[in-house]
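Analysis of the macromolecular model
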Amino acid sequence: MAVELEESMLVRVQQENFSIDEELERVRSRSRRIGGIAMFLGTARDHSKGREVSAMSFDHYEGMAQKKLKEIREQALRDFDIIEALVLHRYGPIEIGENIVLIIVGAEHRADAFKACKWCIDELKQITPIWKMETTPDGEVWVEEHP
Amino acid sequence: MVKIKLFGVLKTMVPGGKDLEMEIPAGGQVRDLVHSIQGEYPQVGELLDKKKVLVSVNQEIAHWDTVLEEADEIALLPPFAGGSCATWAREGV
């Protein structure tokens, strides 16, 4: 039960902000074999495609979004030589400069941690049903794609 | 009668931005549902036709020949915030 609870904390879609220190500790404490931790933090920027952005909000498909993040973590653990991975995404209104998405990967060595971390964020952006609406001087715009 | 969840930009394309309810014939497939949507909501229908919007059934991407049941959880998915058309091509639909 405790293991399941801990694993559910490693894949989350939530409205509230998160503490990077707490999430880092969550991964670090999973194993004393971890010798390298790579992290990607996505934050809300104040411009997009040449337009100013004053605020943004994320819509998500409750259930499917969590399912896809879980699949990403499980595939990363299978396909890369890593020890632990955490995948977290926020939804709802997010202020400029705030945290949006966090990937943390712990491995014995840095090369595997870096590779898996990049794969996780790239995959998340491809398969996770989350949509971004930006508030710009032209009004509210749903963002279709980001490289 | 099946319920269809809408997300993102699609909410701006139907009155009130609410989820849809549509009749499907017994043994109906996703293509039948798409046909009904094209009739009632042409703007959404056009995006489905161009494969800019995908259909998911029970939280998995569906194909046009996927058979639907009333209890299915159906959703229309516009391109994801971080995705691209490559996502759609990858799903092979």
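Read on for an overview of the structure. Here the structure is a predicted model, which means the values were calculated and not measured. (Residues numbered from 1 in each chain as written. Chains lettered and ligands numbered in written order. Predicted model: local features only at pLDDT ≥ 70, side-chain atom pairs only at ≥ 80, totals over all residues.)

**Considerations on the sheet that holds strand E7 (residues 92-94) of chain A**
Residues and elements named next belong to chain A. Strand order in the open sheet made by the four strands is E7-E5-E9-E10, with antiparallel pairing throughout. The sheet terminates laterally at E7 and strand E10 (139-143), the two strands that pair on one side only. Neighbour-to-neighbour, the strand axes of this sheet turn through a mean angle of 25°, independent of strand direction. The pairing of strand E9 (residues 130-136) with E10 spans five bridges and is antiparallel. Opposite Thr135, over in E10, you have Glu140 as the bridge partner. (Pairing = 2+ DSSP bridges. Helix = DSSP H or I, 4+ residues; strand = E, 2+ residues; numbered from the N terminus. Axes fitted to C-alpha atoms, helices over the stretch in contact; angles between N-to-C directions.)

**Quick look at helix H4 (residues 110-127) of chain A**
For H4 of chain A, with 18 residues, the first-to-last C-alpha span of 26 Å sits near the 26 Å given by 1.5 Å per residue. Those residues of H4 of chain A not exposed but buried are Ala113, Ala116, Cys117, Cys120, Leu124, Lys125 and Ile127 of chain A. (Expected span 1.5 Å × (residues − 1). Buried ≥ 20, exposed ≤ 12 C-beta atoms within 10 Å, placed from the backbone.)

**Thoughts on the nonpolar core**
Counting 56 residues, the largest nonpolar core has Ile82, Ala85, Val87, Val105, Ala116 and Cys120 of chain A together with Leu76 of chain B as the members making the most contacts within it. No other element matches the seven residues that strand E8 (residues 99-107) of chain A contributes to this core. In this structure Cys120 of chain A touches Ile72, Ala76, Ala85, Val87, Ile103 and Val105 of chain A, once residues within four positions along its chain are discounted. (Core = buried A, V, L, I, M, F, W, Y, C linked by C-beta atoms within 7 Å. Contact = placed C-beta atoms within 7 Å.)

**Here's the deal with the sheet that holds strand E2 (residues 36-43) of chain A**
All names here are of chain A. Across the sheet, which stays open at both edges, the four strands sit in the order E1-E6-E8-E2 with mixed pairing between neighbours. The sheet is open, and its two borders are formed by strand E1 (11-14) and E2, each paired with just one other strand. Sheet twist, expressed as the mean angle between neighbouring strand axes with direction ignored, is 5°. Alignment of E2 against E8, held across eight bridges, turns out to be antiparallel. Residue pairing for E8: Ile37 is matched across the bridge by Gly106. Along the sheet face, H4 touches E2, strand E6 (84-90) and E8 and points at about 145° away from the line of E8.

**As for the interface of chain B and chain A**
Taken residue by residue, the interface counts 15 residues in chain B and 20 residues in chain A. Of the residues belonging to the side of chain B that touches chain A, the class tally is eight nonpolar, seven polar and no charged. (Nonpolar A, V, L, I, M, F, W, Y, C, P; charged D, E, K, R; others polar.)

**Considerations on the packing of helix H1 (residues 30-40) of chain B against helix H2 (residues 42-49) of chain B**
Residue and element names in this part refer to chain B. Look at H1 against H2: their axes get within 6 Å of each other, and the N-to-C directions meet at 140°. Between H1 and H2, the crossing angle belongs to the class labelled oblique. The hand of the H1/H2 crossing is left-handed. Packed against H1, whose contacting residues are Val34, Ile37 and Gln38, the element H2 presents Pro42, Val44, Gly45, Leu48 and Asp49 at the interface. Classifying every residue of the contact of H1 with H2 gives five nonpolar, two polar and one charged. (Parallel < 35°, antiparallel > 145°, perpendicular 65-115°, else oblique. Left-handed = near helix turned anticlockwise from the far one by under 90°.)

**Considering the pairing of E1 of chain A**
Residues and elements named next belong to chain A. Of the two faces of E1, only the one carrying Val11 and Val13 is buried; Arg12 and Gln14 on the other face are not. Relative to E6, E1 is paired through four bridges, and the arrangement is parallel. Residue pairing in the sheet places Val13 in a bridge with His89 of E6.

**As for the packing of helix H3 (residues 64-79) of chain A against H4 of chain A**
Residue and element names in this part refer to chain A. It is the contact of H3 with H4, at a shortest axis distance of 10 Å, that shows an interaxial angle of 150°. Taken as axis vectors, H3 and H4 run roughly antiparallel relative to one another. Where H3 crosses over H4, the handedness of that crossing is right-handed. In this structure, H3 contributes Lys68, Leu69, Ile72 and Ala76 to the contact, and H4 contributes Ala116, Trp119, Cys120, Glu123, Leu124 and Ile127. Of the residues in the contact of H3 with H4, the class split is eight nonpolar, no polar and two charged.

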